[in-house]
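Inside the fold
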Amino acid sequence: QVQLVESGGGLVQAGGSLRLSCAASGSIFSINVMGWYRQAPGKQRELVAVIRSGGNTNYADSVKGRFTISRDNAKNTVYLQMSSLEPEDTAVYYCNCNARPTGRSPSYVYWGQGTQVTVSS
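Note that the structure is a prediction, hence the values are computed from the model and not measured.

Calculation rules
Residues numbered from 1 in each chain as written. Predicted model: local features only at pLDDT ≥ 70, side-chain atom pairs only at ≥ 80, totals over all residues. Heavy atoms only, no water. Helix = DSSP H or I, 4+ residues; strand = E, 2+ residues; numbered from the N terminus. Rg over C-alpha atoms; globule rule 2.2 N^0.38 Å. Buried < 20%, exposed > 50% of the residue type's maximum accessible area, 1.4 Å probe, protein only. Contact = heavy atoms within 4.5 Å. Core = buried A, V, L, I, M, F, W, Y, C linked by side-chain atoms within 4.5 Å. Polar contact = N/O pair within 3.5 Å; in protein donor to acceptor, adjacent residues only side chain to side chain. Disulfide = S-S within 2.5 Å.

With respect to the overall build of the protein chain
The helix and strand inventory of the protein chain stands at 0 helices and 11 strands. Reading the protein chain from its N end, one meets helices and strands in the order β-β-β-β-β-β-β-β-β-β-β. Against the 2.2 N^0.38 benchmark of 14 Å for 121 residues, the protein chain shows a C-alpha radius of gyration of 14 Å, consistent with a compact globule. Projected onto the principal axes, the alpha-carbon positions of the protein chain cover approximately 50 × 25 × 20 Å. Looking at the protein chain as a whole, 41% of its 121 residues are labelled buried. Contacts in the protein chain between residues far apart in sequence, at least 24 positions, make up 55% of those at least 6 positions apart.

In structure tokens, the structure reads:
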């Protein structure tokens with residue numbers, strides 16, 4: 001079993017910055033994709049950014065140029081540096097990974113508990 005714990009959320013003014021972190025722990029053989037999703041009140045959960053084990057990244061159009069995803073494979077940790085934040089970025093941000101608990105298991109998708117990001121205007 002893999003556990004994901006996020007940190008770094010909070011309240012920030014528009015134009016400000018925040019850095020989210022997510023550490024994976026537990027039984028981990030390998031982690032392929034790690035990513036961040038968000039869900040605003042009354043809206044569906046949406047992809048923010050993902051990063052593969054080799055470093056390739058993808059971003060939602062709405063955050064391109066403002067957010068940067070990175071990962072430390074040695075620490076099984078993924079980061080999301082958010083800059084030029086807008087009130088529309090207000091949401092619960094969830095960490096996500098696709099991981100194999102053992103060398104004999106298939107990959108599973110795991111989710112963190114979420115961290116609130118609120119951007120005031």
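Considering the nonpolar core
Trp36, Leu80, Met82 and Tyr93 are the most contacted members of the largest nonpolar core, which has 30 residues in total. The biggest single contributor to this core is strand S9 (residues 91–100), with 5 residues.

Quick word on the side chain of threonine 90
Take threonine 90: it is sitting in the loop between strand S8 (77–82) and S9. Among the polar contacts listed, one links the side chain of threonine 90 to the backbone oxygen of proline 87, at a separation of 2.9 Å. At 2.9 Å, the side chain of threonine 90 and the backbone nitrogen of valine 119 are in polar contact. The contact partners of threonine 90, leaving out residues within four places of it in the chain, are Ala40, Gln116, Val117, Thr118 and Val119.

Comments concerning the state of the cysteines
By the definition in use, this model includes 1 disulfide. Shown here is the disulfide that connects cysteine 22 with cysteine 95, its sulfur atoms set 2.1 Å apart. Residues cysteine 22 and cysteine 95 share a disulfide whose torsion about the S-S bond is about -85°; that sign makes it left-handed. Of this pair, cysteine 22 sits in strand S3 (residues 18–26) while cysteine 95 sits in strand S9, placing them 73 residues apart in sequence. Cysteine 95 matches cysteine 22 in its accessibility class, with the two residues each being buried. The thiol sulfur of cysteine 97 is not disulfide-bonded, and the nearest other cysteine sulfur, from cysteine 95, lies at 6.5 Å.

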